[in-house]
Amino acid sequence: EADIILDQSIGRCTANYDGLLPSSTIRLIGPQYAISRPEFLKQRGQSISRRSEVGFALRRLLIFMGGVDSPNITSKMLRSLDGVKLASLDQVTVVMGPLAPALEEVRSLIPNLSVPTRLVVGAQDMATLMYEADLAIGGVGGATLERCCLGLPTLTVVMAENQRFMAKALQDLGASITLGDITTDQDFQIKDFDLLKVLSRLSLGQLKEITDACIKITDGHGTGRILAAMGVA
């Protein structure tokens, strides 16, 4: 009996709610209604422009598997990066929450990696970290729409059953590459040669195609559209 329903999921449409709502309910369905903090909209234009500049290359990789990352995918990713030699890659940034169970394990892994890696705990400016990154590895949670807003190409890992739908929608749109699904593979691993293969085969043309697909998904103005629908903007 809602007056307004908001579902910002990628791949959803108003027809998904046919027969479930009163005819008077206002439907705000799809990622054009994504709620984003203002800094993502502020960084959007500059982030998109940077990815189309001459000389753009895969230099900076961002790994953010969510603030908690209970399955500890971050450590598996770092172990898979150990020994990876990709000519253009010169920095990895790992973001974790202060309460992440594997935080100390990740700290212990970083000094031994072949690629210079920094750890950011409790990041206060994700928009800037995403802007600076050329590629991300992440889950399919709330940060997905933030990455899309900034046109950040992503290798995604499905970390919960309710992420499968959006992961498939992202891949179908050409807006990400799915590495795996830990809900169906409890011993999820990415071997060194597998990740190296994925990274080495990512051409600049492919990164640009993924960026172009991402920026069409959400433009950072979702909050304003929601407020307008509520009659308060």
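Relevant structure appears above.
Residues numbered from 1 in each chain as written. Predicted model: local features only at pLDDT ≥ 70, side-chain atom pairs only at ≥ 80, totals over all residues. Heavy atoms only, no water.

**With respect to the side chain of Gln 43**
- Its place among the elements puts Gln 43 in helix α1 (residues 38–50).
- For Gln 43, the residues in contact, after removing those within four places along its chain, are Ala 127, Thr 128, Tyr 131 and Leu 150. (Helix = DSSP H or I, 4+ residues; strand = E, 2+ residues; numbered from the N terminus. Contact = heavy atoms within 4.5 Å.)

**Describing the state of the cysteines**
- Counting across every chain of the model gives zero disulfides.
- The closest cysteine sulfur to the non-disulfide-bonded Cys 149 is located on Cys 148, 8.8 Å from its own sulfur.
- Its sulfur unpaired, Cys 214 is 4.2 Å from the next cysteine sulfur, which belongs to Cys 148. (Disulfide = S-S within 2.5 Å.)

**Observations concerning the sheet that holds strand β8 (residues 177–181)**
- Across the sheet, which stays open at both edges, the six strands sit in the order β5-β4-β3-β6-β7-β8 with parallel pairing between neighbours. Each of the sheet's edge strands pairs with one partner strand only, and the pair in question is β5 (117–121) and β8. Across this sheet, the average inter-strand angle for adjacent strands is 15°, counted without regard to direction.
- Both strand β7 (residues 154–158) and β8 contribute to a ladder of four bridges, which runs parallel. Note on β8: the bridge partner recorded for Val 157 is Gly 180. (Pairing = 2+ DSSP bridges. Axes fitted to C-alpha atoms, helices over the stretch in contact; angles between N-to-C directions.)

**Concerning helix α6 (residues 164–172)**
- Every buried residue of α6 is listed here: Met 166, Ala 167, Ala 169 and Leu 170. Viewed along the axis of α6, the buried residues span an arc of 165°, placing them on a single side of the element. For α6, the exposed residues set more than 90 degrees away from the buried face come down to Lys 168 and Asp 172.
- Structurally, α6 contributes buried residues whose contacts are with α5 (143–149), β7, β8 and α8 (204–217). (Buried < 20%, exposed > 50% of the residue type's maximum accessible area, 1.4 Å probe, protein only. Arc of directions from axis to C-beta.)

**Observations concerning unusual backbone geometry**
- The phi dihedral of Asp 69 falls on the positive side, at around 50°, and the residue is not glycine.
- Inspection of the secondary structure assignment puts Asp 69 in the loop between β3 (60–64) and α2 (73–81).
- On the basis of relative accessible area, Asp 69 is assigned to the buried category, the value being 5%.
- With a phi angle near 60°, Asn 72 is a residue other than glycine that sits in the positive phi range.
- Topologically, Asn 72 is positioned in the loop between β3 and α2.
- The buried category is assigned to Asn 72, whose relative accessible area is 15%.

**Notes on α1**
- When the terminal C-alpha atoms of α1 are compared, their 19 Å separation across 13 residues agrees well with the 18 Å that a helix rising 1.5 Å per residue should span.
- When the local axis directions of α1 are compared, the greatest deviation, roughly 45°, occurs at Arg 44.
- Residues of α1 that are buried sit in contact with β3, α4 (126–132), α5 and α8. (Expected span 1.5 Å × (residues − 1). Bend = angle between axes of the 7 residues up to and from the residue.)

**What to know about the pairing of β7**
- With respect to burial, β7 is a largely interior element, five of its five residues being buried.
- With three bridges connecting them, strand β6 (residues 135–138) and β7 associate as parallel partners. When the sheet's bridge partners are listed, Ile 137 is paired in β7 with Leu 155.
- A crossover connection joins β6 to the parallel β7 through α5; in handedness this β-α-β unit is right-handed. (Right-handed = clockwise from strand over helix to strand, strands pointing away.)

**Digging into a nonpolar patch on the surface**
- A cluster of nonpolar side chains, namely Ile 4, Ile 26, Leu 227, Met 230 and Val 232, defines an oily patch on the protein surface of about 410 Å² accessible area.
- Positionally, Ile 4 belongs in strand β1 (residues 4–7).
- The class for Ile 4 is partly exposed, based on a relative accessible area of 32%. (Patch = residues over 30% accessible without salt bridge, like charges linked within 9 Å, V, L, I, M, F, W, Y side chains within 5 Å. Areas by Shrake-Rupley, 256 points an atom, 1.4 Å probe, with all protein chains shown as cover. Salt bridge = Lys/Arg side-chain N within 4 Å of Asp/Glu carboxyl O.)

**Structural notes on the nonpolar core**
- Core analysis: the largest hydrophobic core is formed by 31 residues, its most contacted members being Ile 63 and Leu 78.
- Those elements giving two or more residues to this core turn out to be β3, α2, β4 (91–96), α3 (103–109), β6, β7 and α7 (192–201).
- When residues in this core are grouped by element, the largest group, four residues, is from α2. (Core = buried A, V, L, I, M, F, W, Y, C linked by side-chain atoms within 4.5 Å.)

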